[in-house]
Amino acid sequence: MDVNIKHAGKTLAVVLDVEQPPSAFKDAVYQVTGVPVERMKIMVKGGVLKDDSDWKKIGPKPGQTFMVIGAAGELPKPPEKPVTFLEDMEDQELAEALAIPSGLKNLGNTCYMNATIQALRVIPPMQEALNTTSASGSLIPQLRDLYSSMLKTTDSITPLTFLQALRQALPQFAEQSRGGLGYAQQDAEEAYSQIVNCLRPVTDASDANKKFVEQWMMGEISRETKLEGDASLEPPTFSTEKVLKLECHISITTNYMATGIANSLQTTLTKRSPALGHEASYVQTTRVTRLPSFLTVHMVRFAWRADVGRKAKIMRKVKFPTTYDALEITSDELKARLMPVNRRLVEIDKGRAERRKIRLRKRGLVGGGDTAAMDVDDQGEPEDVIRAKERAEIEGLVDPVVKADIGASWSGLYDLVAIVTHKGAAADSGHYIGFAKKSAFHDPTYLDPKTKVDTKILDTLEADEDWYKFDDDKVSVFPKEKLGTLDGGGEDSAAYVLVYRSRVV
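Rules and cut-offs
Residues numbered from 1 in each chain as written. Predicted model: local features only at pLDDT ≥ 70, side-chain atom pairs only at ≥ 80, totals over all residues. Heavy atoms only, no water. Helix = DSSP H or I, 4+ residues; strand = E, 2+ residues; numbered from the N terminus. Contact = heavy atoms within 4.5 Å. Areas by Shrake-Rupley, 256 points an atom, 1.4 Å probe, with all protein chains shown as cover. Pairing = 2+ DSSP bridges. Axes fitted to C-alpha atoms, helices over the stretch in contact; angles between N-to-C directions. Salt bridge = Lys/Arg side-chain N within 4 Å of Asp/Glu carboxyl O. Buried < 20%, exposed > 50% of the residue type's maximum accessible area, 1.4 Å probe, protein only. Phe/Tyr/Trp six-rings, centres within 6.5 Å; stacked < 30°, edge-to-face > 60°. Lys NZ or Arg CZ within 6 Å of the ring centre and 35° of its normal. Parallel < 35°, antiparallel > 145°, perpendicular 65-115°, else oblique. Nonpolar A, V, L, I, M, F, W, Y, C, P; charged D, E, K, R; others polar. Disulfide = S-S within 2.5 Å. Arc of directions from axis to C-beta. Patch = residues over 30% accessible without salt bridge, like charges linked within 9 Å, V, L, I, M, F, W, Y side chains within 5 Å.

Asks: Can you help me understand the overall build of the protein in this one?
Replies: For the protein, the helix and strand inventory stands at 16 helices and 19 strands. Counting only C-alpha atoms and orienting by the principal axes, one finds that the protein spans roughly 80 × 75 × 45 Å. Considering only contacts within the protein whose residues lie at least 6 apart along the sequence, 69% involve residues at least 24 apart. Here the protein has roughly 24,900 Å² of accessible surface; of this, 52% comes from carbon and sulfur atoms.

Right, dumping it as structure tokens:
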């Protein structure tokens, strides 16, 4: 129902859904007033609206006006750590302090767009392709210019030009809110898919005859559909398809992302059987026949509820991994091609981690001094020499067909690099936040594994597994230990779109 709120002498229209908890109404009030929920007081019958208040007892009516008390904007907080002046910082601290990625200002229910842009930012081949392509379709020049601006500053950016281009190219994102006050909230997964689709004409930076999205972000699947029961009565049918994402459907038994994806690839359907002459059940089995370097996973957290006439959120807690091995969902042929590199990469990663621990331990014993002896292993070989040998070994193990396929994963082994989360109870309300691994911004080997970096600096970078949290224009460090809080289980932030990067050496 449409109601009004009175705040700071202004009367504003807001939509109140009594089917949703009071926290959803508070989020709606925050969107139009800027008053943080934790400092907000909404006066209702019986006192102050609480998160566990019962709408039936309050009895709101259409057109009713509620008084809102609270100051807009964020109050200054004392620093969690003592202030360190730039001149007192070590080189690494200085570099990081001056290189915190820029955030994006919310222009009115645009958190879905901001979170999506930050997630896509961790795909280096996209930046290269945007900077070299001659394509000039919808959103291409605007996204290129936006990313270029974000690289030049650590200040917040106002993405107005891109937003206007987005609404012009995709009118669904220009939808007005139900209360008629400003633009409506949108689904971040839909924005992610639509923006990437607009980049389809972009050519690959290494081969102008190839398309970036198709090569680096799209996989291929094969489907076998056969009659359930006595399959000999009817021959199976086969189809192939290119896909931008894997879907993790969430049921009452889904606890892990990998399980949800695997179950989504084995389904049943009902259709008319030519052989039987009536409706029959079929089993549809899907296998991945090509894996891209950047794999998108969609946690299907919203389902249409006819009783309330909207998409409702599936709150169930589903754990997602920071390392995902996709070989279990591939075809036998692709698995055979990727297996040798997959297994060797696991061994190489363990070896690198062990050598790094030893070097860091040595530095601790000598007070952090930088000596040549600390950058070599027990056999006396420098780390960069060892890594060059490892890369050469992997090059020799890669299947020739896979190597010739630009942008294809060599191993099917992935590391999580970006997340888009949703907070709230419905797709068209709540709040979206982007997360990205810090190494995507600070580690030169993320862009090019062959880049030579001082071993001491490399150890520090690789030992730092924390993330950046992009809450619109507020950018902060998000400890890796807190990633588990994004598994879901309630209305708080839950992983919705995940971006995985194929592991490289």
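What follows continues from the structure just given.
Asks: What exactly am I supposed to notice about the sheet that holds strand β2 (residues 10-15) here?
Replies: The strands making up a sheet associate through backbone hydrogen bonding, with each pair oriented either parallel or antiparallel. Spatial strand order, β2-β1-β5-β3-β4: five strands in an open sheet with mixed pairing. The two strands at the open ends of the sheet, each matched to only one other strand, are β2 and β4 (47-48). The pairing of strand β1 (residues 2-7) with strand β5 (residues 65-69) spans three bridges and is classified as parallel. Bridged to Lys6 within β5 is Met67. Across the sheet, helix α1 (residues 22-33) is in contact with β1, β2, β3 (41-44) and β5; its angle to β2 comes to roughly 135°.

Asks: What should I look at first to understand the sheet that holds strand β10 (residues 278-290) in this one?
Replies: Overall, antiparallel pairing links the four strands, which are arranged β7-β6-β10-β9 in an open sheet. Two strands in the sheet have a free side with no partner beyond their single neighbour: β7 (237-243) and β9 (266-273). On average, each strand axis in the sheet is inclined to that of its neighbour by 30°, with strand direction left out of account.

Asks: Sorry, what's going on with the pattern of salt bridges here?
Replies: Close approach of charged atoms allows side chains of opposite charge to pair. The final tally for this structure, using the stated rule, is 26 salt bridges. The partner of Lys245 in a salt bridge is Glu189, with the nearest N and O atoms 2.3 Å apart. Of this pair, Lys245 sits in strand β8 (residues 245-249) while Glu189 is found in helix α8 (residues 188-198), placing the two residues 56 residues apart along the sequence. Note that Arg359 is salt-bridged to Glu383, the shortest N-O span being 2.9 Å. Remark: Glu383 occurs in helix α12 (residues 383-397) and Arg359 occurs in helix α11 (residues 332-365); sequence separation between them is 24 residues. Judged by its relative accessible area of 2%, Arg359 falls in the buried class.

Asks: What exactly am I supposed to notice about the packing of aromatic side chains here?
Replies: For any pair of aromatic rings, the description rests on two quantities: the centre-to-centre distance and the angle between the ring planes. Following the criterion strictly, the structure yields ten aromatic pairs and no others. Taking the centre distance of 5.8 Å and the plane angle of 80° together, the rings of Phe25 and Trp55 count as edge-to-face. In this pair, Phe25 sits in helix α1 while Trp55 sits in helix α2 (residues 55-58), placing the two residues 30 residues apart along the sequence. We note that Phe25, like Trp55, is buried. Aromatic pair Tyr432 and Tyr496: ring centres 6.3 Å apart, planes at 25°, arrangement stacked. Highlighted residues: Tyr432 in strand β16 (residues 431-437) and Tyr496 in strand β19 (residues 494-502), separated in sequence by 64 residues. Comparing Tyr432 with Tyr496, the two get one shared label, buried. Here the aromatic residues Phe25, Trp55 and Phe66 are joined through ring pairs into a cluster of three or more. Sitting over the face of the ring of Tyr282, Lys271 holds its NZ or CZ atom 4.7 Å from the ring centroid. Just above the ring of Tyr446 sits the side chain of Arg501; from NZ or CZ to the centre is 4.0 Å.

Asks: Quick question: what am I supposed to make of the environment of Val477 here?
Replies: Mapped onto the elements, Val477 comes out in strand β18 (residues 474-478). Through-space distance from the C-alpha of Val477 to that of Ala436 is 9.8 Å; in sequence the pair is 41 residues apart. Residues in contact with Val477, not counting those within four places in the same chain, are Lys438, Asp466, Trp467 and Tyr468.

Asks: I would appreciate a short explanation of unusual backbone geometry in the present structure.
Replies: Despite not being glycine, Ala8 has its phi angle at roughly 50°, a positive value. Position of Ala8 relative to the elements: it lies in the loop between β1 and β2.

Asks: I'm lost on the packing of helix α4 (residues 111-120) against helix α7 (residues 160-169) in this one. Help?
Replies: Helix-helix packing is characterised by the crossing angle of the two axes and by the distance between the axes. For the pair α4 and α7, the least separation of the axes is 12 Å and the interaxial angle reads 105°. Here α4 lies roughly perpendicular to α7, going by the angle between them. On α7, the residues that touch Tyr112, Met113 and Ile117 of α4 are Phe162, Leu163 and Leu166. Residue classes in the contact of α4 with α7 are distributed as six nonpolar, no polar and no charged.

Asks: Help me out: how do you make sense of the state of the cysteines in this one?
Replies: A disulfide bridge is the covalent bond that connects two cysteines by way of their sulfur atoms. For the structure shown, the criterion picks out zero disulfides. There is no disulfide at Cys111, and the cysteine sulfur nearest it, in Cys198, is 20 Å away. Classification of Cys198 by relative accessible area gives buried; the value is 15%.

Asks: Looking at this structure, how should I read helix α10 (residues 257-264)?
Replies: For the α-helix, the turn length of 3.6 residues means that residues three or four positions removed from each other point alike. Taken together, the buried positions of α10 are Met257, Gly260, Ile261 and Ser264. Taken around the axis of α10, the buried residues stretch over an arc of 100°, which confines them to a single face. Packing partners of the buried residues in α10 comprise β8, β9, β11 (294-300), β14 (323-325) and β19.

Asks: Can you help me understand the environment of His298 in this one?
Replies: The topology assignment puts His298 in strand β11. Through-space distance from the C-alpha of His298 to that of Glu228 is 28 Å; in sequence the pair is 70 residues apart. Excluding residues that lie within four positions of it along the chain, His298 makes contacts with Glu189, Lys245, Leu246, Glu247, Cys248 and Tyr496.

Asks: What exactly am I supposed to notice about the pairing of β11 here?
Replies: Moving residue by residue along a regular strand, the side chains alternate between the two faces of the sheet. In terms of burial, β11 is largely enclosed, as seven of its seven residues are buried. Where burial is concerned, the two faces of β11 agree: the one with Phe294, Thr296, His298 and Val300 and the one with Leu295, Val297 and Met299 are both buried. Pairing of β8 with β11, which is carried by five bridges, proceeds in the parallel orientation. Its bridge partner lying in β11, Glu247 is registered against His298. Across five bridges, β11 lies against β19 in antiparallel orientation.

Asks: What's the story with a nonpolar patch on the surface in this structure? I'm lost.
Replies: A cluster of nonpolar side chains, contributed by Met43, Val48, Met67 and Ile69, occupies part of the molecular surface with about 310 Å² of accessible area. Relative to the helices and strands, Val48 is located in strand β4. On the accessibility criterion, Val48 (35% relative accessible area) is partly exposed.

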